Amino acid sequence: MKSFFLALRFLTILPLGGNQDLTDSRVASAGKYYPLVGLIIGALLWAFYRGIGVVFPVPVAVALLLIFWVLITGALHLDGLADCLDGLYGGNRPEERLRIMKDVHLGTMGIVGLVIILGMKFLLFKELLLIPSQGVWLFLVPSLSRWTPIFLSCFFPYARPGGGLGSALVTGTGKKELFWATLL
């Protein structure tokens with residue numbers, strides 16, 4: 001149960017799970033719960049949208065939904081995306097790309113990428129949520145996007161020499177963790 005709360009605390013701003021130390025074994029064991037945390041995020045998104053959807057027109061409700069999504073996740077996925085884009089477009093050699101990705105400052109490609117991604121999310125969700133039966137995507141997208149790192153960790157090595165926050169997840173994730181993440 002501690003692993004579940006660690007995953008919830010790591011992937012959201014929800015203050016559940018106490019102050020557990022982020023040891024390699026705890027980070028690795030929490031990974032199998034990422035898709036379940038995604039479902040919880042999806043349920044919060046759905047409830048939020050249902051609440052504001054009766055007050056605001058769809059475009060405004062979708063914009064508020066995106067803001068809520070960014071806030072509830074602490075913008076963790078957006079920060080990682082911006083870092084990746086900066087590194088991939090800013091460096092010529094792998095070492096230089098990794099250094100750029102570790103830099104706390106955002107570059108032009110990171111900012112442009114964030115604008116494009118948030119704009120696309122807005123347009124896609126606006127179209128999906130115009131059709132009431134498509135609201136299921138609010139549950140599935142966060143869950144699938146939190147399952148993906150477990151899948152990738154199972155089949156690809158960690159990129160940065162010397163480790164980092166994600167190295168414990170990558171080295172501690174095997175087929176058993178992928179099975180449980182998929183089942184959840």
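Treat the numbers as computed from the prediction; the structure is a model and nothing was measured.

Visitor: Explanation requested: the overall build of the chain in the structure shown.
Guide: Scanning the chain from terminus to terminus reveals 10 helices and zero strands. If you list the helices and strands of the chain from N to C, you get α-α-α-α-α-α-α-α-α-α. Compactness check: the chain gives a C-alpha radius of gyration of 17 Å against a globular reference of 16 Å for 184 residues, within 12% of the reference. Along the first, second and third principal axes, the C-alpha atoms of the chain reach 50 × 40 × 30 Å. Residues counted as buried form 34% of the 184 residues belonging to the chain. When the accessible surface of the chain is split by element, carbon and sulfur atoms take 71% of a total near 10,700 Å². Across the chain, the centroid of the 15 positively charged side chains sits 8 Å from that of the 10 negatively charged ones.

Visitor: What's the story with the environment of Ala159 in this structure? I'm lost.
Guide: With respect to the helices and strands, the residue Ala159 is situated in the loop between α8 (137-155) and α9 (167-172). Here the alpha-carbon distance between Ala159 and His77, two residues 82 residues apart in the chain, equals 18 Å.

Visitor: I tried to follow the pattern of salt bridges on my own but got confused; where do I start?
Guide: The final tally for this structure, using the stated rule, is two salt bridges. Residues Glu96 and Arg93 are paired through a salt bridge, measuring 3.6 Å at the closest nitrogen-oxygen approach. For Arg93, a relative accessible area of 49% puts it in the partly exposed group. Here Lys126 makes a salt bridge to Glu127, at a shortest N to O gap of 3.8 Å.

Visitor: Would you take a moment to explain the packing of helix α3 (residues 34-53) against helix α4 (residues 58-72) for this structure?
Guide: When two helices pack together, their arrangement is given by the angle between the helix axes and the distance between those axes. α4 packs onto α3 with a crossing angle of 145° between their chain directions and a minimal axis gap of 10 Å. Both α3 and α4 take part in a crossing whose hand is right-handed. Residue-level contacts link Ile41, Leu44, Leu45, Phe48, Tyr49, Ile52 and Gly53 of α3 to Val58, Ala61, Val62, Leu64, Leu65, Phe68, Trp69 and Ile72 of α4. Tallied by class, the residues present in the contact of α3 with α4 amount to 14 nonpolar, one polar and no charged.

Visitor: Is there a simple way to explain a nonpolar patch on the surface in this structure?
Guide: Taken together, the side chains of Val112, Ile116, Met120, Leu123 and Leu124 define a hydrophobic patch exposed on the protein surface, amounting to about 460 Å² of accessible area. Structurally, Val112 is set in helix α7 (residues 108-129).

Visitor: What am I meant to see in the nonpolar core here?
Guide: Generally speaking, a soluble globular protein has its nonpolar side chains buried in company with each other. Counting 29 residues, the largest nonpolar core has Tyr34, Val37, Tyr49, Trp69, Leu129 and Leu138 as its most contacted members. Counting residues per element, the ones that place at least two in this core are α1 (2-11), α2 (24-30), α3, α4, α7, α8, α9 and α10 (175-183). Beyond its immediate stretch of four places on either side in the chain, Tyr34 contacts Ala7, Phe10, Leu11, Arg146, Ile150 and Leu169.

Quick notes on the rules
Residues numbered from 1 in each chain as written. Predicted model: local features only at pLDDT ≥ 70, side-chain atom pairs only at ≥ 80, totals over all residues. Heavy atoms only, no water. Helix = DSSP H or I, 4+ residues; strand = E, 2+ residues; numbered from the N terminus. Rg over C-alpha atoms; globule rule 2.2 N^0.38 Å. Buried < 20%, exposed > 50% of the residue type's maximum accessible area, 1.4 Å probe, protein only. Areas by Shrake-Rupley, 256 points an atom, 1.4 Å probe, with all protein chains shown as cover. Lys, Arg positive; Asp, Glu negative; His and termini not counted. Charge placed at Lys NZ, Arg CZ, Asp CG, Glu CD. Salt bridge = Lys/Arg side-chain N within 4 Å of Asp/Glu carboxyl O. Axes fitted to C-alpha atoms, helices over the stretch in contact; angles between N-to-C directions. Left-handed = near helix turned anticlockwise from the far one by under 90°. Contact = heavy atoms within 4.5 Å. Nonpolar A, V, L, I, M, F, W, Y, C, P; charged D, E, K, R; others polar. Patch = residues over 30% accessible without salt bridge, like charges linked within 9 Å, V, L, I, M, F, W, Y side chains within 5 Å. Core = buried A, V, L, I, M, F, W, Y, C linked by side-chain atoms within 4.5 Å.

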